[in-house]
Amino acid sequence: MGRGPRGAGRPPRRLLPLLLLLGLARGASGARGADGLDVCATCHKHATCKQTEGMKMCICKYGFVGNGRTHCVDKNECQFGATVVCGNHTSCHNTLGGFYCICLEGYRATNNNKTFIPNDGTFCTDIDECEVSGLCRQGGRCVNTYGSFECYCMDGYLAKNGPEPFHPTRDATSCTEIDCGTPPEVPDGYIVGNYTSRLGSQVRYACKEGFFSGLEDTVSSCTALGTWESPKLNCQEIIAEVNDVSVFNNSCVRWQINPGRTVSKIIYVIHIKGQRLHPVESVHEETVNLTTDSRTPEVCLDLYPGTNYTVSIFTALPTRSVPTIIGFQTAEDDLSEDDATFNISIFSEACLKLSRGPRKAGSEQTYQFKVLGQRWYLNNFYHATSFNFTTREQAPVVCLDLYPAADYTVNITLLGSSEQHSVQITMTTAPAVKQIISNISIFNETCLRWRSTKTADTEEMYSFHIQGQRWYQKEFSQEIIFNITTSSQAPEMCLDLHPGTNYSVHVQALSSELPVVLSLTTQITEPPLPEVDFVTVHGRPLPRLRLRKAKEKNGPISSYQVLVLPLALQSTFFCDSEGATSFFSNTSDASGYVAAELLAEDVPDDAMEISIGDRLYYGKYYNAPLRKGNDYWIILRITSEWNKVRRCSCAVWAHVKGSLLKTLSEVMDFAELFSKKCSPWLLLLVPATLLENRTQLLPAWLERSEQVPINIAFCNNGKILKLCCPIW
């Protein structure tokens, strides 16, 4: 054998570093390296040697990070913040290979140790320092806070020498018991009885002899500010003194005056208050002034006979005196004959008060009442009554049984006197608080019926105020105001309301104070007929059909649907039928299908165009191309839905002929069927080529009906015949 190339017996020089690394790796993971090195003997002092699956490796101890052999450095657990590591209200302290937590001042660890590691669930909780009594010194009240506490002075104590609240280790504040000291003095007054100067204590004042005061407050209290309230007592010197008051001539009063230092004229105020002996009589009260320089003044008063009086006499400023009071009773009149005169006044809404002149004591009188009432809003309402009333009272009160909301004229005549004296008075009763409308209900959707608690056969006027709104048509607003008059006790009223509308109905009997309010909702009806331009095509594609947005007259329009209907189904199609399916559900194409559905909000206000068979999805419906050689009706259906009610209206949009149209009568038959099911009006466009004679314009279905006005016109140079007629 020849010698190989040079150096073939040892590895190339460039492979030596790789082999060296492989040898080190084997020595680090094996029990011993190729050179007999023990891996565990190479571990760092902060590392441990672990054996896994026959391999040894060095791992840094807990709290250290590194490769385990050359370096293991301390891991600073506190670097993420004390709140993250230890929790709230803590401080974190790193140690070599570990850490510990300490609660902040005012908090303690739940394990009751000074330091803790949070891995056992320990956390810092607030220390209630207020559990220690006397912490806030004498007169102080402790209030615990998070991590600390505050001191306040108790009621009856004031904070001095520092702020409030205060902390006893930081502030020099002390709580001193409130002492208001000596009460303030009142000029010409003195303090009655004993008192203390603590919080809430009171002192009572009085005027000295020779002085008097009005009804001012005579008490002063010690306040929480450590001061007394300012006394309101105002003592004035008595300059004049009224005494020796006496009554003479039944209604005259005389007294004497001690003028003191007064030498000029004095103004006297005489206040009179009297009560008649009869309990129904009103109180007689008035004030009389008298100016005189007499030392024995007297005055005669205009008093009622047979009345108990209290008379108070005192001097007006600038002269001051203490009021003197005297009580007495005036004598009864004893007249030989009655006075036939009397007055009348309104005592309350339906009660009258009669006021007789002087009469013989104990005499009996009879009054005749004639009452006539009317209501301004009712032509046929009259309430007439008459009766006699006998009494011995001098001022009797008579209450009448009157209707509410009525104008009354009351004529009263005193009977039995030589001259019959009459007095007339008018009065108006207010509407009744009690409601006379009851059991109001709705029937036939727009009609109301109710029960009336008024008197039978009596007319009543009812006022209606109706307001209508639509949530789906913000600009819509309807207001109706009218009145009805009826004598029925079970009235009924049907209202002229728009469909698809929420109404608030106020019904008020004019004799009642308040209306009855109820809510009423009308159901929707068929939406307006679609406005379409009828198109007929034969053997060619349909043009783009123009879709116009319908007005929401009869309810909210929810959708527009384009239906493709085979000509053979013309006699079985109903506009409100829900049987039409999508194109893919209708595999035979024999029962028609929905080619497109557009939500009302997706249809622009002006108009939009749509192509039949454009292979697009409109909503969930596929607009498939029409099959060649077949005849179709293209129908536009508008749907309204509201309050679980669905209404539809339809119009023939286009006629697609795969073969020649058979007869005009076939078109007329479909028009008749369609018009009966969708609308009371028919607009039909017929190709004029179908008419052999243009003078024969009445098909059989019109000939069989009553006389019907027909509007006939030829369009497109005589190629299209337009018939417009009402369908009865």
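Residues numbered from 1 in each chain as written. Predicted model: local features only at pLDDT ≥ 70, side-chain atom pairs only at ≥ 80, totals over all residues. Heavy atoms only, no water.

Chemist: Explain the sheet that holds strand β38 (residues 502-509) to me, please; I cannot follow it from the model alone.
Modeler: Strands pair in a sheet through their backbones, by hydrogen bonds, and they do so in one of two ways: parallel or antiparallel. Taken in spatial order, the 4 strands line up as β36-β35-β38-β39 in an open sheet, and their pairing is antiparallel. Bordering the open sheet on either side are β36 (473-486) and β39 (516-521), each of which pairs with just one other strand. Between one strand and the next, the sheet's axes are offset by a mean angle of 15°, whatever the strand orientation. Bridging between strand β35 (residues 460-470) and β36 involves 11 bridges; their strand directions are antiparallel. (Pairing = 2+ DSSP bridges. Helix = DSSP H or I, 4+ residues; strand = E, 2+ residues; numbered from the N terminus. Axes fitted to C-alpha atoms, helices over the stretch in contact; angles between N-to-C directions.)

Chemist: Where do I start with the side chain of glutamine 478 in this structure?
Modeler: Structurally, glutamine 478 is set in strand β36. Take glutamine 478: its relative accessible area is 14%, and that puts it in the buried class. Contact partners of glutamine 478, with chain neighbours within four places excluded, come to Ile466, Gln467, Gly468, Asp496, His498 and Tyr503. (Buried < 20%, exposed > 50% of the residue type's maximum accessible area, 1.4 Å probe, protein only. Contact = heavy atoms within 4.5 Å.)

Chemist: Is there a simple way to think about the sheet that holds strand β19 (residues 241-248) in this case?
Modeler: Across the sheet, 3 strands lie side by side as β19-β20-β23; this open sheet has antiparallel pairing. Strands with a single pairing partner mark the edges of an open sheet, and in this sheet they are β19 and β23 (298-300). Here the average twist between neighbouring strands, direction ignored, is 20°. Bridge count between β19 and strand β20 (residues 252-258): 6 bridges; the pairing is antiparallel. The residue bridging glutamate 241 from the neighbouring strand is asparagine 258, located in β20.

Chemist: Looking at this structure, I do not really get the state of the cysteines. What am I missing?
Modeler: Here, disulfide denotes a covalent bond that connects the sulfur atoms of two cysteines. This model, assessed by the stated rule, comprises 15 disulfides. A sulfur-sulfur separation of 2.0 Å characterises the disulfide bridge that pairs cysteine 60 with cysteine 72. Measuring handedness by torsion sign, the sulfur bridge of cysteine 60 and cysteine 72 sits at about -85° and is left-handed. Separated by 12 residues along the polypeptide, cysteine 60 in strand β2 (residues 55-60) and cysteine 72 in strand β4 (residues 72-74) bring together distant segments of the chain. (Disulfide = S-S within 2.5 Å.)

Chemist: Sorry if this is basic, but what is going on with the nonpolar core here?
Modeler: Leu542, Leu547, Tyr560, Val562, Ile634 and Trp653 are the most contacted members of the largest nonpolar core, which totals 32 residues. Sorting the residues of this core by element identifies β40 (535-538), β41 (545-547), β42 (557-566), β44 (593-599), β45 (608-610), β48 (632-642) and β49 (645-657) as the ones contributing at least two each. Ignoring anything within four residues of it in the chain, the contact list for tryptophan 653 reads Val532, Asp533, Phe534, Val535, Leu545, Arg546, Leu547, Val562, Ile610, Ile634, Ile635 and Leu636. Counting 24 residues, the second largest nonpolar core, distinct from the first, contains Phe342, Leu354, Ile412 and Met461. (Core = buried A, V, L, I, M, F, W, Y, C linked by side-chain atoms within 4.5 Å.)

Chemist: Teacher, can you tell me more about the confidence of the model for the protein here?
Modeler: Close inspection of predicted coordinates is inappropriate for parts of the model with low pLDDT. For the protein, mean pLDDT is 79; residues scoring 70 or higher make up 79% of the total. Contacts from residues 659-667, a stretch scored under 50 in pLDDT, to residues over four places away or in other chains number 15 contacts. A low-confidence stretch, residues 672-728 stays under pLDDT 50, and its non-local contacts, those more than four residues away or across chains, total 103 contacts. (pLDDT = per-residue confidence, 0-100.)

Chemist: What's the story with the environment of threonine 122 in this structure? I'm lost.
Modeler: Its place among the elements puts threonine 122 in the loop between β8 (115-116) and β9 (124-126). Sequence spacing of threonine 122 and cysteine 101 is 21 residues, and the spatial spacing of their C-alpha atoms is 9.9 Å. With sequence-adjacent residues up to four places away left out, threonine 122 is seen in contact with Ala109, Thr110, Asn111 and Phe116. A distance of 2.7 Å separates a polar atom in the side chain of threonine 122 from a polar atom in the side chain of aspartate 120. (Polar contact = N/O pair within 3.5 Å; in protein donor to acceptor, adjacent residues only side chain to side chain.)

Chemist: Help me out: how do you make sense of unusual backbone geometry in this one?
Modeler: Glycine aside, negative phi is the norm for most residues, and most peptide bonds take the trans geometry. Along the chain, glutamate 164 connects to proline 165 via a cis peptide bond; the corresponding omega equals 5°. Tracing the backbone shows proline 165 in the loop between β12 (157-160) and β13 (174-177). Even without being a glycine, histidine 89 presents a positive backbone phi close to 60°. Turning to its location among the elements, histidine 89 is positioned in the loop between α2 (82-85) and β5 (90-95). Despite not being glycine, glutamate 445 shows a phi value in the positive range, around 70°.

Chemist: Is there a simple way to explain the packing of aromatic side chains in this structure?
Modeler: Two descriptors summarise a pair of aromatic rings, namely the distance from one centre to the other and the angle between the planes of the rings. Taken as a whole, this structure holds 15 aromatic pairs when the rule is applied. Judged by centre distance (5.5 Å) and plane angle (85°), the rings of phenylalanine 381 and tyrosine 403 are edge-to-face. A residue pair is termed long-range when its members are at least 10 positions apart, and phenylalanine 381 in the loop between β28 (365-374) and β29 (382-391) and tyrosine 403 in the loop between β30 (397-399) and β31 (407-415) qualify at 22 residues. By relative accessible area, phenylalanine 381 is classed as buried at 4%. Geometrically, the ring pair formed by phenylalanine 583 and tyrosine 593 is edge-to-face, given 5.2 Å between the ring centres and 75° between the ring planes. Residue phenylalanine 583 is located in the loop between β43 (581-582) and β44, and its partner tyrosine 593 is located in strand β44; the two are separated by 10 residues in the primary sequence. Taking relative accessible area as the criterion, phenylalanine 583 reaches 18% and is therefore assigned buried. The class for tyrosine 593 is buried, based on a relative accessible area of 2%. Through a chain of ring-to-ring contacts, the aromatic side chains of Trp450, Tyr462, Phe464 and Phe482 assemble into a single cluster. Sitting over the ring of phenylalanine 381, arginine 375 keeps its end group 4.4 Å from the ring centre. (Phe/Tyr/Trp six-rings, centres within 6.5 Å; stacked < 30°, edge-to-face > 60°. Lys NZ or Arg CZ within 6 Å of the ring centre and 35° of its normal.)

Chemist: Just checking my understanding: could you explain the environment of proline 231 for this structure?
Modeler: Following the sequence through the fold, proline 231 ends up in the loop between β17 (219-221) and β18 (236-237). Measuring from C-alpha to C-alpha, the distance between proline 231 and valine 219 comes to 6.7 Å, with 12 residues separating the pair along the chain. Residue contacts for proline 231: discarding those within four places in its chain leaves Pro184, Val186 and Tyr205.

Chemist: In this structure, what is going on with the pattern of salt bridges? I would like to understand it.
Modeler: Once their charged atoms are close, side chains differing in charge can pair, the charge on each being opposite to the other. As enumerated under the stated definition, the model contains 9 salt bridges in all. A salt bridge links glutamate 177 to arginine 198; the shortest N-O distance between them is 3.7 Å. Of this pair, glutamate 177 sits in strand β13 while arginine 198 is found in the loop between β14 (189-192) and β15 (202-207), placing the two residues 21 residues apart along the sequence. What makes glutamate 177 partly exposed here is its relative accessible area of 41%. (Salt bridge = Lys/Arg side-chain N within 4 Å of Asp/Glu carboxyl O.)

Chemist: How should I be thinking about the side chain of serine 511 in this particular structure?
Modeler: With respect to the helices and strands, the residue serine 511 is situated in the loop between β38 and β39. A polar atom in the side chain of serine 511 sits 2.5 Å from the side chain of glutamate 460. The contact partners of serine 511, leaving out residues within four places of it in the chain, are Arg375, Tyr377, Pro404, Ala405, Pro431, Ala432, Ile436 and Glu460.

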